[in-house]
There are 2 protein chains.
Amino acid sequence: MKQKISKEDIIKTAAKLFKEKGFSAVTMRDLASKIGVKASSLYNHISSKQELLKEIIISIAERFTEGMAVIMNSNSNSIDKLTKIVDLHVNIASNNIYGMASLNNDWMHLEEQLDYYLKLRTDYEDNFREIIINGIKNNEIKHANPEVILFSILSTLRSLYLWIPKKEDLNHIELSSNLTSILIEGINK
Amino acid sequence: MKQKISKEDIIKTAAKLFKEKGFSAVTMRDLASKIGVKASSLYNHISSKQELLKEIIISIAERFTEGMAVIMNSNSNSIDKLTKIVDLHVNIASNNIYGMASLNNDWMHLEEQLDYYLKLRTDYEDNFREIIINGIKNNEIKHANPEVILFSILSTLRSLYLWIPKKEDLNHIELSSNLTSILIEGINK
DNA sequence: ATATTTAACTAACACTTGTTAGTCTGTTCA
DNA sequence: TGAACAGACTAACAAGTGTTAGTTAAATAT
């Protein structure tokens, strides 16, 4: 056998291409030629292009859900929980630089799994919001609009996948603590 | 004449569809039928699908460049400049909810204009970074990693287009000042 | 050594893509 | 009124799309 490719290889390469051009702009022939094989050969390992998107997005989304569940069940205070959420995002983003692009930009092309994905995302945001609102109640977090706080932190965390690869020198523990400090304490002196 | 469509109509509808599904997933037939016309009729007004993307992205990118130039030329202190940048983003995002999606997610499908776009973006980020570094030097901004500060603020501002439409109740002046406060002073009490 | 399985290949499919050519009808202006 | 034009239409194109069928050869199991 000239070559032996695995489903994992295909998914990884797909994620890389999906990040560069988006799901819709990547053809099965693009993907195959990047791997060094003909498009039809891919179908010995996967069932459809859709399946690739599903595998990429849902596995990451579930990792976020699991991480959030652990944080919600911990009895830390609100600021500690936020710190743990930052860690969670830094860790998942670092290990899924390519996949995060699909999660953020191509989720709308999920078909059967779209509703499931949207539920995971909504639940995640609801938990996040609850942590913030509790923090305000407990006087740990300043009395600002919780939606603006949620939006501001979550936007930053969701964009990590774009920045981590550009700053290879910054190690993840350092990034995580710098980020936590800036998000929580702000930047003013 | 049964109908009279303008290039502006086409661009607006295109931006809306590009936000929903991404540039590559929107066909000229999709676009035409949303407008209530046949695909070939679009070509009486525009020269190509590419042109639509260019018009949408470049016009917004240039508005950011102009806004940044005004801020750089003002002799405000660093914190004031950051406040003005927040306003700039809130204003442009509010007025270009759909187009901002293309700017953020479909810029890689620009062809002849790709280099130009990338130059505008890099210059913008360089100016932003300079403001932050000057702020640190002048003791207005805390001595943290300027790349992390830049990334954190800019990610939030670049995601505004996703949040503004979900929070119609929050008016833009209020949003702008809440956001400035959170980005600069943080969220801790 | 032989039989079975794995996974590549070529060829083709039905359909969709952006775009062009040519036509026809309603509007504008002399 | 009639000529010129604008802008819609139908029809078609060449190229590209995801995917399937059938074939072949290498790897593995008996």
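Here the residue numbers are simple positions, counted from 1 along each chain's written sequence. A letter from A marks each chain and a number from 1 marks each ligand, given out in the order of writing. Side-chain atom pairs in this predicted model are given and counted only at pLDDT of 80 or more, local residue features only at pLDDT of at least 70, and totals for whole chains, interfaces and linings cover all residues.

Topic: the environment of S24(A)
By definition, any uninterrupted DSSP run of H or I lasting at least four residues is a helix, any uninterrupted run of E lasting at least two residues is a strand, and each is numbered from the N terminus. Residue placement: S24(A) occurs in the loop between α1 (7–21) and α2 (28–35). Along the backbone, S24(A) and D106(A) are 82 residues apart, and their C-alpha atoms lie at a distance of 8.4 Å. Note on contacts: residues are paired as contacts if their backbone-placed C-beta atoms lie within 7 Å. In this view, S24(A) contacts H109(A), G22(B), S24(B) and A25(B); residues no more than four positions away in its chain are not counted.

Focus on the protein's contact with DNA strand D
Close to DNA strand D lie 20 residues; T27(A), S40(A), S48(A), K38(B) and S40(B) are nearest. Sorting the residues of the surface near DNA strand D by element identifies α2, α3 (39–42) and α4 (49–73) of chain A together with α3 (39–42) of chain B as the ones contributing at least two each. The rule is simple: place the C-beta atom from the backbone, and if it lies within 6 Å of a molecule or strand, the residue is near it.

Comments concerning the interface of chain B and chain A
Listed by partner, the interface residues are 37 residues for chain B and 37 residues for chain A. Broken down by secondary-structure element, the contributors of at least two residues to the side of chain B that touches chain A are α1 (7–21), α8 (146–158) and α10 (172–185) of chain B. At eight residues, the largest contribution of residues to the side of chain B that touches chain A is made by α10(B). Asp, Glu, Lys and Arg are counted as charged, while Ala, Val, Leu, Ile, Met, Phe, Trp, Tyr, Cys and Pro are counted as nonpolar; the rest, among them Gly, fall into the polar class. Residue classes in the side of chain B that touches chain A are distributed as 15 nonpolar, 14 polar and eight charged.

Re the protein's contact with DNA strand C
Near DNA strand C there are 21 residues, and of these K38(A), S40(A), T27(B), S40(B) and S48(B) occur at the shortest range. Secondary-structure elements contributing two or more residues to the surface near DNA strand C are α3 of chain A together with α2 (28–35), α3 and α4 (49–73) of chain B. Each residue belonging to the surface near DNA strand C can be placed in one class, and the counts come to seven nonpolar, nine polar and five charged.

Points about the relation of the copies chain B and chain A
For this overlay, a least-squares fit was computed on C-alpha atoms, restricted to residues scoring pLDDT of at least 70 in both copies. The transformation that overlays chain B on chain A combines an axial shift of 0.0 Å with a rotation of 180°, and the residual RMSD is 0.0 Å. The operation mapping one copy onto its partner corresponds to a two-fold rotation axis. The rotation axis passes nearest to the C-alpha of G186(B) in chain B, at a distance of 1.7 Å. Looking at chain B, 100% of its interface residues are interface residues in chain A too, so the copies touch through the same face.

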